[in-house]
Amino acid sequence: MRSTTEETAVELQVPVLYPTQPRAVRLMNTIWADRTSVHDSLETVAHLRAWAEEAGLGRHQDVDEHDLGRARALRDALRRLAAEVTGDSRPHSVADGLGTDAALAVLNDFCSRCTPVLRHGPQGGFARQWLTDGSGLQRELNLVALEGFEVLAQEAPQELKACGGPGCVLYFVRDHPRREWCSEGCGNRARVARHYRRNKSGLEGPATGRGAAH
């Protein structure tokens, strides 16, 4: 029998889907699905704290309900805009009642808190850096929003896609123009489903010959 501490640790194992994707996409993918249902990795402050650390936003022990609300608002806005640019009509892809204009307002509010500055580069020359107001996780969320701004504007072949795997609700930035799935697992499920539909269609085709019904 597990202790309460062990059970809590298990409950807070938040998937980062997938760690090679931009941080903005990792935030989008805190809505994910398995064979049973759709899940939200940002249900509680504790989940947000665990996800932020795993997603590379740093360790923030002082997060509160305000931080959680802003993280979820940014996540929902990014997913709504991602659905727009990818033509995504999958069930559960976007929050109910959130329109494109409202999502743009949320994202632009986050991005407005970031200011570009030019500074000396570490190896000579100059480099652009971003200054942002706020501190802790709020600062990181502002920068994630800025990354989301760039992701949504990307062009092929480095473009944002909605996964075509059966039941999947994830997004990904593809690294090959023919990539259609977030993972090989989703690709395999899509191929199996396509094979099943083809076979079923063949079996249910019009009856002909001696055995045909009259």
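Residues numbered from 1 in each chain as written. Predicted model: local features only at pLDDT ≥ 70, side-chain atom pairs only at ≥ 80, totals over all residues. Heavy atoms only, no water.

**Notes on the nonpolar core**
No. 1: Membership of the largest hydrophobic core comes to 40 residues, with the highest contact counts inside it found for Trp-51, Leu-57, Leu-74, Leu-78, Leu-107 and Leu-160.
No. 2: Where this core is concerned, the elements lending two or more residues are helix H2 (23-28), helix H3 (45-54), helix H4 (65-86), helix H5 (100-111), helix H6 (136-152), strand S5 (160-162) and strand S6 (171-173).
No. 3: Ignoring any residue separated from it by four or fewer positions in sequence, one finds Leu-74 in contact with Leu-27, Val-106, Leu-107, Phe-110, Leu-141, Val-144 and Ala-145.
No. 4: Counting seven residues, the second-largest nonpolar core is a separate cluster that includes Cys-168, Leu-170, Cys-182 and Cys-186. (Core = buried A, V, L, I, M, F, W, Y, C linked by side-chain atoms within 4.5 Å. Buried < 20%, exposed > 50% of the residue type's maximum accessible area, 1.4 Å probe, protein only. Helix = DSSP H or I, 4+ residues; strand = E, 2+ residues; numbered from the N terminus. Contact = heavy atoms within 4.5 Å.)

**Section: the environment of Arg-179**
No. 1: Following the sequence through the fold, Arg-179 ends up in the loop between S6 and helix H7 (184-203).
No. 2: Here Arg-179 falls in the partly exposed class, since its relative accessible area comes to 22%.
No. 3: Residues within four places of Arg-179 in sequence aside, it is in contact with Gln-21, Lys-161, Phe-172, Val-173 and Arg-174.
No. 4: A polar atom in the side chain of Arg-179 sits 2.8 Å from the backbone oxygen of Cys-182. (Polar contact = N/O pair within 3.5 Å; in protein donor to acceptor, adjacent residues only side chain to side chain.)

**Section: the pattern of salt bridges**
No. 1: A full pass over the atoms with the stated rule returns 14 salt bridges.
No. 2: For Glu-140, the salt bridge identified is with Arg-23, shortest N-O distance 3.0 Å. Remark: Arg-23 occurs in helix H2 and Glu-140 occurs in helix H6; sequence separation between them is 117 residues. Per residue, the accessibility class of Glu-140 equals that of Arg-23, and both read buried.
No. 3: One network of salt bridges, in which partners are shared, links Arg-23, Arg-139, Glu-140 and Glu-147. (Salt bridge = Lys/Arg side-chain N within 4 Å of Asp/Glu carboxyl O.)

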